[in-house]
Amino acid sequence: MSQGSVPLFWRLKKSKYNLIGTKCVTCNSIFFPPKTLCPECRSKGKLEEFQFSGRGEVISYTVITAAPEGFEAYTPYAVGLIKLDEGATISGQIVGDASKLDIGKRVKSVFRKMYEDGSGGVIHYGIKFEVDGE
Amino acid sequence: MTQKRVAVIGAGYTKFDEHWDKSLRDLATEAGGKALADAKMEGKEIQALFVGNMSGGRFIGQEHLAALAVDQAGLTPIPATRCEGACASGALAFRKALLSIQAGEHDIVMAAGAEKMTDIKGEAAVAALMGAGDHEWESAIGLTFSGLYALIARAHMKQFGTTREQLAMVSVNNHKNGALNPLAQHPYTVSLEDVLTSTMISDPLRLLDCSPITDGSAAVVLASEEAVKKLGIENPVWILASGQASDTLALHDRKSFTEMAATKFAAKTAYTKAGLTPEKIDVAEVHDCFSINEILAIEDLGFCKKGEGGKFVEQGKIAIGGERPINTMGGLKSIGHPVGASGIRQIIDLTTQLRGRAGKLQVNGAKVGLAQNVGGSGATAVVNILGVE
Ligand SMILES: [Zn+2]
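Note that this is a predicted model, so its numbers are computed, not measured. (Residues numbered from 1 in each chain as written. Chains lettered and ligands numbered in written order. Predicted model: local features only at pLDDT ≥ 70, side-chain atom pairs only at ≥ 80, totals over all residues. Heavy atoms only, no water.)

### Details of the overall build of chain B
Here is the rule: In DSSP terms, a helix is any run of H or I states spanning at least four residues, a strand is any run of E spanning at least two, and both are numbered starting from the N terminus. Throughout, the radius of gyration refers to the C-alpha atoms, and the reference size of a globule is 2.2 Å times the residue count to the power 0.38. Only protein chains enter the accessibility calculation, which uses a 1.4 Å probe; a residue is then buried when its area is under 20% of its type maximum, exposed when over 50%, and partly exposed in between. A contact between two residues is defined here by any heavy atoms of the two lying within 4.5 Å. Per-residue and other accessible areas follow the Shrake-Rupley method at a 1.4 Å probe size, with only the shown protein chains counted as cover for residues.
Helix and strand counts for chain B come out as 14 helices and 11 strands. A globule of 389 residues ought to have a C-alpha radius of gyration of about 21 Å, and chain B, at 19 Å, matches this closely. C-alpha atoms of chain B, sized along the principal axes, occupy 55 × 45 × 40 Å. With 389 residues in all, chain B has 63% of them scored as buried. At a minimum sequence separation of 6, the contacts of chain B that also span at least 24 residues come to 77%. Summed over its atoms, the accessible surface of chain B is roughly 13,500 Å², and 52% of this surface lies on carbon and sulfur atoms.

Pasting the structure below:
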């Protein structure tokens, strides 16, 4: 089983390819991944699309050597918790030299291949991060 | 409102292992039989069955597991319900069984947990387990559970100075206990050096920081106070309180990456209901799916201040004979982690301690025990407190 079907990627393409989340215009909270309900404002919330800059900071990171099915060919790969400058925190792969990674490092988003779906040969793309300014 | 008193009156689990020769149905029936034998029952006394199972569909292609279990146990037509909360499925089944008695619906019920994880290859099992995370935003970028807990571990190390050695000491403690548990999958001791030099899985977590992939089943029989009296049960273990809480499914949506808010909330609920403080807990079973999670549990259950869990472990306070013995039968790390069964297995190990039947692993004078079972990276947490008079 792959980690994401074609319909899933198609449905989420705006956010997965362009870092478009949502913003509640009632309370100014921003969400990535996008939410369709503001947990604070409830029925009074009004959500619209919000474009993230893709710049942020590493809150924590790991280098995965034991991968799940579908990612075996890509080990070792780094994954971090990235606090985006606009506020939301997301999980993302971090490309480049993992030995240069550290908590607090500035990163920016890049568009990369995520993985190939072995059975159908579909190549999934998405947002990854790289250390900023190098 | 005073709640009905409910007791555990029978308990038993299978050997936790890679059971190539046994199916899920074999294991569940075996565990149920052990629990019934312990309660000195035939089975027809059971009025309802609750089954904890995380992912029968992905592990063995079988859903509708409560129906399978009640059928195999020969207990149709009693109601049978599956409870799923990832790795906390077992404790959820236990809690739902308790609530069904407190609601006045039943007097004697069974709560069981079962998982058969080794029929598929390791990478597929890792992917199946990741079903407990956020499929769209965590699994889809190649995250694993060891990866998620590694993110927590590194953040905890940075924020509080928790050391790599302190993490390893969790595994050393749990294996030391598990070495004397004949039902454990890995019943042997490991040294600090063994842990620190084991294969890297998700930096900084290594193989011996991680609970294994396991087949196994566990079951308990619960009874109302009236049923306990009627049956003449001599050694009931009373359920003093149960708490359950939730948090965001994805780790990245949490307010803090170094604590489990769901554990804190579930524990607060349970302590309040039981009228107890953390100091009154004589023995605890905590969810050591990864070494870092035992340190978080120690802190979030209130056994020490936030950030001091690593020191707590280093000072030997979690050892049998220490200030707060934890995972005295081996924990998930040494006993194994058949995900849907672990929450019930924790209750059974507490029951054994509180009945004074733990042999060489006995915590002297243990009267009150706590079990904490976590689903995913902390999205579900259940805390149960048990006690004897
Ligand atoms: Zn709002």
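What follows continues from the structure just given.
### Topic: the overall build of chain A
Going by this rule: For the charge count, each Lys or Arg is scored as positive and each Asp or Glu as negative, with His and the chain ends excluded. To locate a charge, take NZ of a lysine, CZ of an arginine, CG of an aspartate or CD of a glutamate.
Across its full length, chain A holds 2 helices and 8 strands. Taking the intrachain contacts of chain A between residues at least 6 apart in sequence as the baseline, contacts between residues at least 24 apart amount to 50%. Surface accessibility of chain A: about 6,600 Å² in total, with carbon and sulfur atoms responsible for 51%. Charge-centre separation for chain A: the mean point of 18 positive side chains lies 7 Å from the mean point of 15 negative side chains.

### So, the confidence of the model for chain B
A low pLDDT means the predicted coordinates there should not be read in detail. What counts, and what does not: Confidence of the predictor at the level of single residues is captured by pLDDT, which takes values from 0 to 100.
The share of residues in chain B with pLDDT of 70 or more is 99%, and the mean pLDDT across the chain is 97. Quick note on the complex model: pTM equals 0.97, ipTM equals 0.95.

### Observations concerning the coordination of the zinc ion
Residue and element names in this part refer to chain A. Filter applied, for reference: Because water is not among the atoms used, a metal site may look incomplete, as its donors are only the N, O and S atoms within 2.8 Å, or 3.2 Å for Na, K and Ca. Only four donors with every angle between 85 and 135 degrees are called tetrahedral; only four or six donors with opposite donors over 155 degrees apart and all others between 65 and 115 are called square planar or octahedral, in that order; all others are irregular.
Looking at the zinc ion, the protein donor atoms are Cys-24 (SG), Cys-27 (SG), Cys-38 (SG) and Cys-41 (SG), and they sit 2.3 Å from it. Relative to the metal, the 4 donor atoms surrounding the zinc ion lie at angles of 102 to 113°, and the coordination shape comes out tetrahedral. Read N to C, the donor residues that coordinate the zinc ion are spaced as C-x2-C-x10-C-x2-C.

### Section: the packing of aromatic side chains
We apply this condition: Between 30 and 60 degrees the pair is tilted, below 30 it is stacked and above 60 it is edge-to-face, where a pair is any two Phe, Tyr or Trp rings, Trp via its six-membered ring, whose centres lie within 6.5 Å. Two conditions define a charge located above a ring, namely a distance within 6 Å from the ring centre to NZ of Lys or CZ of Arg, and an angle within 35 degrees of the ring normal.
Tallied over the entire structure, the rule returns 11 aromatic pairs over all chains. Aromatic pair Phe71(A) and Tyr74(A): ring centres 6.4 Å apart, planes at 65°, arrangement edge-to-face. Judged by its relative accessible area of 28%, Tyr74(A) falls in the partly exposed class. Taken together, the ring pairs in this structure connect Phe32(A), Phe50(A), Phe52(A) and Trp137(B) into an aromatic cluster. The positively charged end of Lys16(A) is found above the aromatic ring belonging to Trp137(B), 4.1 Å away from the centroid. Just above the ring of Tyr61(A) sits the side chain of Arg154(B); from NZ or CZ to the centre is 3.9 Å.

### Things to note about the sheet that holds strand S3 (residues 47-51) of chain A
All names here are of chain A. So the rule is basically this: Pairing between strands is defined by DSSP: at least two bridges between them are needed.
Taking strand neighbours across the sheet as the criterion, the 3 strands line up as S2-S1-S3 in an open arrangement whose pairing is antiparallel. Two strands in the sheet have a free side with no partner beyond their single neighbour: strand S2 (30-31) and S3. With 2 bridges joining them, strand S1 (residues 20-24) and S2 adopt antiparallel strand pairing. Across the sheet, residue Thr-22 finds its bridge partner in S2, namely Phe-31.

### Quick word on the nonpolar core
All names here are of chain B. Rule in force here: Think of a nonpolar core as a cluster: buried Ala, Val, Leu, Ile, Met, Phe, Trp, Tyr and Cys residues, connected wherever their side-chain atoms sit within 4.5 Å. Segmentation of the chain into domains, including their bounds, is taken from an automatic or database domain assignment.
Counting 95 residues, the largest nonpolar core has Tyr-149, Leu-301 and Phe-303 as its most contacted members. Among the elements that line this core, the one with the most residues is helix H6 (residues 145-160), at 8 residues. For this core, the two domains that each supply at least three residues are domain 1 (6-121 + 213-238) and domain 2 (133-212 + 240-387). Dropping the residues within four chain positions of it, Phe-303 is found in contact with Tyr-271, Pro-278, Ile-281, Ala-284, Ile-298, Phe-312, Glu-323, Arg-324 and Ile-326.

### Some details on the pattern of salt bridges
Residue and element names in this part refer to chain B. Formally: Each salt bridge in this description consists of a side-chain nitrogen of Lys or Arg and a carboxyl oxygen of Asp or Glu lying within 4 Å of one another.
As enumerated under the stated definition, the model contains 25 salt bridges over all chains in all. Where Lys-4 meets Glu-226, a salt bridge forms, and the shortest distance between an N and an O atom there is 3.8 Å. Taken together, the residues Lys-4 in the segment before strand S1 (6-13) and Glu-226 in helix H9 (residues 225-231) connect sequence positions 222 residues apart. You can call Lys-4 partly exposed: its relative accessible area is 31%. The exposure class assigned to Glu-226 is partly exposed, which follows from its relative accessible area of 45%.

### Re the interface of chain B and chain A
Going by this rule: Between N or O atoms, a polar contact is any pair within 3.5 Å; within protein, one atom must be a potential hydrogen donor and the other a potential acceptor, and residues adjacent in sequence are included only when both atoms are from side chains.
Contact residues are listed per partner, giving 30 residues for chain B and 37 residues for chain A. Seen at the junction of chain B and chain A, the total is 0 salt bridges. For the interface between chain B and chain A, the tally reads 12 residue pairs in polar contact (both at pLDDT 80 or more). Those elements that place two or more of their residues in the side of chain B that touches chain A are helix H5 (122-129), H6 and strand S5 (200-203) of chain B.

### Structural notes on unusual backbone geometry
Here the bond from Phe32(A) into Pro33(A) is cis, since omega is -5°, no more than 30 degrees from zero. With an omega of -10°, the peptide bond between Thr75(A) and Pro76(A) qualifies as cis. Position of Pro76(A) among the secondary structure elements: in the loop between strand S4 (55-64) and strand S5 (77-84). A positive phi angle, near 55°, is found at Lys40(B), a position not held by glycine. Topologically, Lys40(B) is positioned in the loop between helix H1 (24-38) and strand S2 (48-52).

### Observations concerning the packing of H1(B) against helix H3 (residues 65-72) of chain B
Residues and elements named next belong to chain B. This is how the line gets drawn: Where helices are involved, their axes are fitted lines through C-alpha atoms of the stretch in contact, as for all axes, and angles between N-to-C directions lie from 0 to 180°. Here roughly perpendicular refers to angles of 65 to 115 degrees, roughly parallel to angles under 35, roughly antiparallel to angles over 145, and oblique to all remaining angles. Note: crossing handedness is left-handed where the near helix turns anticlockwise from the far helix by less than a right angle, and right-handed where it turns clockwise.
Between H1 and H3, the least distance of the axes is 9 Å, while the angle of their chain directions is 60°. Of the possible angle classes, the one that applies to H1 and H3 is oblique. H1 and H3 meet at a crossing whose hand is right-handed. On H3, the residues that touch Leu-24, Arg-25 and Thr-29 of H1 are Leu-65, Leu-68 and Gln-72.

### Examining the pairing of strand S10 (residues 368-375) of chain B
Residue and element names in this part refer to chain B. The buried count for S10 comes to 8 of 8 residues, which makes it a mostly enclosed element. Pairing geometry for strand S9 (residues 283-285) and S10, over 3 bridges, is parallel. Residue pairing for S10: Glu-285 is matched across the bridge by Ala-371. What sits between S10 and strand S11 (residues 380-387) in their antiparallel hairpin is a turn of 4 residues, with Gly-376 showing a positive phi close to 65°.

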